[in-house]
Amino acid sequence: MALTFYAASTISFIIQIVVLALLIGALILKNQKKFRQHGILMLTAVVLHLISIFVVMVPSLAAFFGSPDALSFADAYVSITAVHAFAGVISSVLGVWLVSAWHLQKDIQGCFRKKKVMDITFVLWLLSIVLGVILYLRIIQAI
Ligand code: HEM
């Protein structure tokens, strides 16, 4: 059964808010030097992010471009959508790399060396979520 554009966007939005909570929680754990728990929360966030991209956002985008409002929406919001999608894809590629390089090992020394990549991933991820929220608010307003 194909998801309606509105349902898909809402599910995606809810997942993004959960991911945001996980990112903030993971940062708090890092500040408490609970690095393993930080890694586990980030792993969970990466998995949820991938689910939201492949199960929800791609069908949502497809449903959207099949709708009559697509062109006017795309005109006004094309830049936000493009940056949201670009930041989302790059942060998920980097996130997958970070968590798979670690793969739940006891030894986290390798993680310390990837601090710069974590910073970049985190910033891009936040950017993607903030723009995603703006897009969602625009979508529910337009429907
Ligand atoms: C998507 C995946 C991840 C993101 C977005 C992320 C994000 C971050 C951020 C923003 C910091 C703060 C860096 C700073 O203080 O400048 C950090 C620190 C850290 N993260 Fe991650 N992280 C991720 C995955 C992991 C994984 C898989 C591990 C392995 C257990 C890990 C271990 C650490 C450690 C040890 C630090 C402290 C580094 C230091 O203070 O030198 N992270 N992470």
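Procedures and definitions
Residue positions are given per chain, counting from 1 as you read along its sequence in written order. Totals for whole chains, interfaces and linings use every residue, but because this is a predicted model, local features are given only for residues with pLDDT of at least 70 and side-chain atom pairs only at 80 or more, for both listing and counting. The basis for the side-chain values is all heavy atoms of the structure; hydrogens and waters are excluded. For every residue, the predictor assigns a confidence score, pLDDT, that lies between 0 and 100. Put simply, DSSP H or I for four residues or longer makes a helix, DSSP E for two residues or longer makes a strand, and each gets a number counted from the N terminus. Patches here are clusters of residues that have more than 30% relative accessible area and form no salt bridge, with a 9 Å joining cutoff for like charges and a 5 Å cutoff for nonpolar side chains (Val, Leu, Ile, Met, Phe, Trp, Tyr). Surface accessibility in these figures is a Shrake-Rupley result with a 1.4 Å probe; residues are shielded only by whichever protein chains are displayed. Here, a salt bridge means any side-chain nitrogen of Lys or Arg that lies within 4 Å of a carboxyl oxygen of Asp or Glu. Think of it this way: Lys and Arg go in the positive column, Asp and Glu in the negative one, and His and the chain ends go nowhere. Charge positions come from single atoms, namely NZ of Lys, CZ of Arg, CG of Asp or CD of Glu. Expected helix span is taken as 1.5 Å per residue step, with the number of steps being one fewer than the number of residues. Here the coordinating atoms are restricted to nitrogen, oxygen and sulfur within 2.8 Å of the metal centre, or 3.2 Å for Na, K and Ca, and because water is not among them the sites may look incomplete. Any site counts as irregular unless it has four donors with all angles between 85 and 135 degrees, making it tetrahedral, or four or six donors with opposite ones more than 155 degrees apart and the rest between 65 and 115, making it square planar or octahedral. Under the scheme applied here, a residue whose accessible area is under 20% of the maximum for its type counts as buried, over 50% as exposed, and between as partly exposed, the area being computed with a 1.4 Å probe on protein chains only.

### So, the confidence of the model for the chain
- In the predicted model, the chain carries a mean pLDDT of 88, and the fraction of residues at 70 or more is 87%.
- Across the chain, helix H4 (residues 109–112) holds the top mean pLDDT of 96, while helix H3 (residues 70–102) sits lowest at 85.

### Describing a positive patch on the surface
- On the surface, Lys30, Lys33, Lys115 and Lys116 cluster together into a positively charged patch.
- With respect to the secondary-structure elements, Lys116 resides in helix H5 (residues 115–142).

### Some remarks on helix H1 (residues 5–31)
- Helix length check: H1, at 27 residues, gives a terminal C-alpha distance of 39 Å against a target of 39 Å (1.5 Å per residue), a fit within 8%.
- Of the residues flanking the end of H1, it is Lys33, one or two places downstream, whose phi is positive at about 65°.

### With respect to the coordination of the iron atom of the ligand
- The protein atoms donating to the iron atom of the ligand are His38 (NE2) and Met118 (SD), with metal-donor distances spanning 2.1 to 2.2 Å.
- One can describe the site at the iron atom of the ligand as octahedral: its six donor atoms subtend angles covering 85 to 178° at the metal. Of this pair, His38 sits in helix H2 (residues 35–65) while Met118 is found in helix H5, placing the two residues 80 residues apart along the sequence.
- Residue classification places His38 among the buried residues on the basis of a relative accessible area of 12%.
- On the basis of relative accessibility, which here comes to 25%, the residue Met118 falls in the partly exposed class.

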